[in-house]
Amino acid sequence: MNASPANFRFALPETSVVFGAGARRCIAQEMEHGGFARALIVSGPVQGDLAVEIAGLLGPLAAGIYTGAAMHTPISATLEAIQRLLETRADCIVAIGGGSAIGLAKAVTYRTDIPQIAIPTTYAGSEATPILGQTINGEKATLKDRRVQPRRIIYDPELLVSLPANQSVTSGLNAMAHAVEALYARDRTPLSTLLAEAGLKAFAHALPRVVADPDDLSARTETLYGAWLCGTVLGQVGMALHHKLCHVLGGTFNLPHAETHAVILPHATAFNTGTSRDFLQPVGALFGGKSPADGIWTFARALGAPRSLRDLGLREQDLERAADLSVANAYWNPREVTRDEIRTLLGAAWRGDEPGEF
Ligand code: NAD
């Protein structure tokens with residue numbers, strides 16, 4: 001049922017990965033291996049102390065720090081960071097933080113060709129993809145360009161310990177959503193399916209342990225490993241309805257990224273199960289339940305994930321426009337998407353209903 005080993009297209013990205021507790025201390029070595037001499041370190045405001053720690057580890061290789069990264073990569077922050085890059089004459093960017101810091105670094109690379117080293121501190125997975133989402137004139141647009149993918153990634157599970165349990169759950173579900181949609185992706189390959197299954201398995205096994213004890217370094221290691229796998233498949237294959245809905249809700253209604261993924265995933269999975277039941281079999285095997293959607297729903301409930309778009313701040317009167325936008329320029333999806341059904345799905349997600357059958 002999965003992609004035929006006799007018929008697929010696959011390219012390996014040119015990325016070098018260092019993984020392990022304390023791996024951030026290799027940052028100077030990574031700079032040398034990359035042939036870089038001066039780093040601009042970028043982060044969000046909350047991660048300012050970490051940016052300073054990285055600058056300390058880099059010593060003379062640190063050229064400056066910019067801490068203005070923000071969700072959905074606003075162009076204003078990108079232009080400020082480029083200004084800082086020019087002032088410091090840096091020849092690489094070190095991004096430390098979640099998808100927002102890494103998105104900023106990608107947006108800078110897109111405009112300057114200066115390469116990056118990414119040090120992720122959430123499970124979002126942006127570091128492993130050639131995808132750049134950015135907000136220009138209030139509209140979020142996404143592009144794919146191999147040039148923006150970080151050349152080197154440092155995965156250090158110690159950096160995840162400070163991510164609160166509730167954010168770990170939503171960020172974990174964000175990563176899992178990449179894997180779920182990779183299972184039924186039109187351009188899936190045998191390898192993307194293996195990666196997706198292994199990524200889901202890591203979260204199924206270790207995310208409950210993170211919630212029980214956010215300081216549990218072995219659970220952080222396993223979940224971060226899962227995040228790498230899920231991010232890698234996000235970079236390899238096309239995403240479908242779930243990601244389209246989240247891009248509309250985040251981009252137009254400014255809903256928080258990871259939380260929106262957490263609410264939508266069981267509903268989008270329910271929508272696609274009819275046409276993709278066999279592909280979603282690993283989800284059922286890992287999460288149990290009456291259906292793959294029910295398995296994810298029950299898993300998310302047990303970990304205290306948010307359940308409704310209403311709780312995330314979406315107004316009921318926004319549902320019609322959200323439905324319109326979700327079917328405009330729709331992404332490829334394994335099942336035909338109709339406006340009425342999407343309105344029903346969004347209504348259920350807004351109220352926080354259990355995922356229904358489609
Ligand atoms: P984020 O980077 O905005 O981080 C969320 C919050 O968590 C921030 O306040 C941040 O400071 C804080 N935080 C991050 N790591 C922490 C840690 N270890 N301890 C304590 N606090 C921490 O959110 P995100 O969900 O990682 O990323 C969302 C952004 O990334 C969105 O703009 C989304 O579009 C983008 N994204 C892009 C891709 C891609 O492939 N292009 C993939 C996933 C996400």
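These remarks concern the structure in this document. The structure displayed is predicted, hence computed values, not measured ones. The numbering scheme is per chain: residues are counted from 1 as the chain's sequence reads. A pLDDT threshold of at least 70 governs which residues receive local features in this predicted model, and a stricter bar of 80 or more applies before side-chain atom pairs are shown or counted, although totals over entire chains, interfaces and linings include all residues. The side-chain values count all of the structure's non-hydrogen atoms but skip hydrogen atoms and water molecules.

**Description of the sheet that holds strand 5 (residues 116-120)**
Where we set the bar: We treat two strands as partners when DSSP finds at least two bridges between them. Helix and strand definitions follow DSSP, with helices as H or I runs of at least four residues and strands as E runs of at least two, each counted in order from the N terminus. For helices, the axis comes from a line fit to the C-alpha atoms of the stretch in contact; other axes are also lines fit to C-alpha atoms, and the angle between any two N-to-C directions lies between 0 and 180 degrees. Contacts are assigned to residue pairs with any non-hydrogen atoms lying within 4.5 Å of each other.
In spatial order, the strands read 1-8-5-4-2-3; together these six strands make up an open sheet with parallel pairing. Each having just a single partner strand, strand 1 (16-19) and strand 3 (62-66) make up the two edges of the open sheet. Here the average twist between neighbouring strands, direction ignored, is 15°. Contacts from helix 1 (residues 27-34) reach strand 1, strand 2 (39-42), strand 4 (92-97), strand 5 and strand 8 (152-155) within the one sheet, and its direction differs from that of strand 8 by about 165°. On top of the sheet, helix 4 (residues 99-112) reaches strand 2, strand 3, strand 4 and strand 5; it is set at about 160° to strand 4, its chief contact.

**Side note on the pattern of salt bridges**
So the rule is basically this: For this document, the term salt bridge refers to a Lys or Arg side-chain nitrogen within 4 Å of an Asp or Glu carboxyl oxygen. For every residue, the accessible area (1.4 Å probe, protein chains only) is compared with the maximum for its type, and the residue is labelled buried under 20%, exposed over 50%, or partly exposed between those bounds.
Within the structure shown, the criterion is met by 16 salt bridges. Residue E30 pairs with R152 through a salt bridge whose shortest N-O separation is 2.8 Å. Here R152 lies in strand 8 and E30 lies in helix 1, a separation of 122 residues in the sequence. By relative accessible area, which is 15% here, R152 ends up buried. R147 is the salt-bridge partner of D113, the closest N and O atoms lying 2.7 Å from each other. Residue D113 is found in the loop between helix 4 and strand 5, and its partner R147 is found in the loop between strand 7 (139-144) and strand 8; the two are separated by 34 residues along the sequence. Overall, the relative accessible area of 39% leaves R147 in the partly exposed class. Connected through shared salt-bridge partners, R24, R25, E53, D156 and E158 make up one network.

**Some points on the packing of aromatic side chains**
Condition: Each aromatic pair joins two rings of Phe, Tyr and Trp (for Trp, the six-membered one) with centres within 6.5 Å, and gets the label stacked for planes under 30 degrees apart, edge-to-face for over 60, and tilted for any other angle. Charge-over-ring placement is defined geometrically: NZ (Lys) or CZ (Arg) within 6 Å of the ring centre, and within 35 degrees of the ring normal.
Counted under the stated rule, the structure contains seven aromatic pairs. Taking 5.2 Å as the distance between ring centres and 65° as the angle between the ring planes, the aromatic pair formed by F271 and F358 counts as edge-to-face. Taken as a pair, F271 in helix 9 (residues 257-276) and F358 in the segment after helix 13 (339-351) lie far apart in primary sequence, 87 residues in all. Judged by its relative accessible area of 0%, F271 is buried. We note R310 situated over the ring of W350; from NZ or CZ to the ring centre the distance is 4.6 Å. The ring centre of F271 lies 4.3 Å from the NZ or CZ of R335, which sits over that ring.

**Let's talk about the state of the cysteines**
Defined as follows: Any two cysteine sulfur atoms within 2.5 Å of one another count as a disulfide.
Enumeration over the complete set of coordinates arrives at zero disulfides. With no disulfide of its own, C26 lies 15 Å from the sulfur of C92, the closest cysteine sulfur. There is no disulfide at C230, and the cysteine sulfur nearest it, in C246, is 15 Å away. Looking at C230, the relative accessible area reads 0%, which means it is buried.

**Structural notes on the environment of L195**
Mapped onto the secondary structure, L195 falls in helix 6 (residues 190-212). Given a relative accessible area of 16%, L195 falls into the buried group. Through-space distance from the C-alpha of L195 to that of L183 is 9.5 Å; in sequence the pair is 12 residues apart. Contact partners of L195, with chain neighbours within four places excluded, come to L229, T232, V233 and Q236.

**Concerning the side chain of S126**
Position of S126 relative to the elements: it lies in the loop between strand 5 and strand 6 (131-136). When sequence neighbours within four positions are dropped, the list of residues in contact with S126 reads G99, I102 and K106.

**A word on the site of the ligand**
Selection rule: Neighbouring residues are identified by heavy atoms, a residue being near a molecule or strand if any of them is within 4 Å of it. N or O atoms closer than or at 3.5 Å make up a polar contact, with two conditions inside protein: a donor-capable atom paired with an acceptor-capable one, and, for residues adjacent in sequence, both atoms drawn from side chains.
Every one of the 21 residues lining the ligand counts as a neighbour, but S100, T121, T122, T129 and K140 are closest to it. Interatomic distance of 2.9 Å between a backbone N/O atom of L159 and a nitrogen atom of the ligand. A distance of 3.3 Å separates a nitrogen atom of the ligand from a polar backbone atom of L163. Looking at the shell around the ligand element by element, the count peaks at three residues for helix 4.

**Thoughts on the nonpolar core**
This is how the line gets drawn: Throughout this description, the term nonpolar core refers to a set of buried Ala, Val, Leu, Ile, Met, Phe, Trp, Tyr and Cys residues connected via side-chain atoms within 4.5 Å.
Ranked by size, the top nonpolar core spans 46 residues in total, and within it Y123, L173, M176, V180, L200, F203 and V283 carry the most contacts. For this core, the elements supplying multiple residues, two or more each, are strand 8, helix 5 (165-183), helix 6, helix 7 (217-236), helix 9, helix 10 (281-287) and helix 11 (292-302). Here this core gets nine residues from one element, more than from any other, and that element is helix 5. What V283 contacts, discounting residues up to four positions off in sequence, is V180, L183, L200, G288, P292 and I296. F253, L309, L314 and L319 belong to the second-largest nonpolar core, a separate cluster that totals 22 residues.

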